[in-house]
Amino acid sequence: MASDIVELVKVTRVKMGKTYVVFVGRNPGIYDSWAETHNEVNKFSGALHKSYWSREEAEKAYGAFLNTQLKQPVATSFAFSDNNSVTSTSNSSSSSSTTPNKSEKIAKLRDAQLELKRENRDHAARVAKIYEKIDTIFESLYL
C-alpha cells in the first residue's frame with residue numbers, strides 16, 4: 001500500500017511538473033524532468049533551455065525554434081583567422097532547389113526524434129503501471 005502511494009506521488013509529479021526544452025545543448029529536445037534537462041545543459045557552453053507549464057507549450061516553442069533554425073543559412077566551410085577564432089561561410093553558389101530538400105529532411109528527422117522521445121515516455125508510463133499491478137498482486141498474496 002505504501003508503494004502505491006509513492007507511485008501515485010511520482011505519477012502526479014510527472015503529470016503536473018514542468019516540461020523543459022533544450023534548444024541548444026548536448027541533445028536538443030523536450031524533457032519531462034529537470035534532472036534530464038540538467039544533464040543536457042550542464043557545463044555546455046552556450047546552452048539554451050527554458051521550462052514550460054505544459055508539454056503542448058514546450059512542443060510549440062521547440063517547433064518554432066526549429067523552423068527559425070532551418071531558415072538560417074547552413075555553414076558549409078570554416079576559416080581560421082589569425083587569432084584562432086573560427087568563422088563560417090555559407091555556400092551561396094548552391095542551387096535553391098537543393099536547400100528546401102535538405103531542410104525538409106532535417107525537419108522530418110527532428111519530427112521522428114520527437115516522436116521517438118514521446119514513445120519512450122509513454123512506454124515508461126505503461127511499464128510503471130504494470131509494476132503497480134505486480135505490487136498489488138504481491139501485496140494481496142502476503143497480506
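These lines cover the structure that appears in this document, whether it is placed above or below. Quick caveat: nothing in here was measured; it's all calculated off a predicted structure.

## Details of the sheet that holds strand 1 (residues 19-24)
No. 1: Spatially, three strands are ordered 2-1-3 in an open sheet, and the strand pairing comes out antiparallel. In the strand order of this sheet, the two ends are held by strand 2 (29-31) and strand 3 (48-52), each with one partner. Looking at each pair of strands side by side, their axes are set apart by 25 degrees on average, direction ignored.
No. 2: Across five bridges, the pairing between strand 1 and strand 3 is antiparallel. Looking at the pairing, Thr19 lines up with Tyr52 of strand 3.

## So, helix 2 (residues 34-41)
No. 1: Residues of helix 2 that are buried include every one of Thr37, Glu40 and Val41, and no others. Relative to the axis of helix 2, the buried residues are bounded by an arc of 85 degrees and lie together on one face. Looking at helix 2, the residues exposed on the side facing more than 90 degrees away from the buried face are Ala35 and Asn39.
No. 2: Buried residues along helix 2 sit in contact with strand 1, strand 2 and strand 3.

## Digging into the packing of aromatic side chains
No. 1: Overall, the coordinates contain four aromatic pairs when judged by the stated rule.
No. 2: Aromatic pair Tyr20 and Trp34: ring centres 5.7 Å apart, planes at 55 degrees, arrangement tilted. Taken as a pair, Tyr20 in strand 1 and Trp34 in helix 2 lie far apart in primary sequence, 14 residues in all.
No. 3: Judged by relative accessible area, Trp34 falls into the partly exposed class, the value being 39%.
No. 4: Plain terms: the ring middles of Phe23 and Tyr62 are 6.4 Å apart, the flat faces sit at 45 degrees to each other, and that makes the pair tilted. You can see Phe23 sitting in strand 1 and its partner Tyr62 sitting in helix 3 (residues 55-71), a full 39 residues away along the chain.
No. 5: Overall, the relative accessible area of 11% leaves Phe23 in the buried class.
No. 6: The exposure class of Tyr62 is buried, given its relative accessible area of 5%.
No. 7: By the ring-pair criterion, three or more aromatic residues cluster together here, those being Phe23, Tyr62 and Phe65.
No. 8: When the ring centre of Trp53 is taken as reference, the NZ or CZ atom of Lys18 above it lies at 4.8 Å.

## A few points about unusual backbone geometry
No. 1: With a phi close to 60 degrees, Lys43 is a non-glycine residue in the positive phi region.
No. 2: Its place among the elements puts Lys43 in the loop between helix 2 and strand 3.

Cut-off values and rules
Residues numbered from 1 in each chain as written. Predicted model: local features only at pLDDT ≥ 70, side-chain atom pairs only at ≥ 80, totals over all residues. Heavy atoms only, no water. Pairing = 2+ DSSP bridges. Helix = DSSP H or I, 4+ residues; strand = E, 2+ residues; numbered from the N terminus. Axes fitted to C-alpha atoms, helices over the stretch in contact; angles between N-to-C directions. Buried < 20%, exposed > 50% of the residue type's maximum accessible area, 1.4 Å probe, protein only. Arc of directions from axis to C-beta. Contact = heavy atoms within 4.5 Å. Phe/Tyr/Trp six-rings, centres within 6.5 Å; stacked < 30°, edge-to-face > 60°. Lys NZ or Arg CZ within 6 Å of the ring centre and 35° of its normal.

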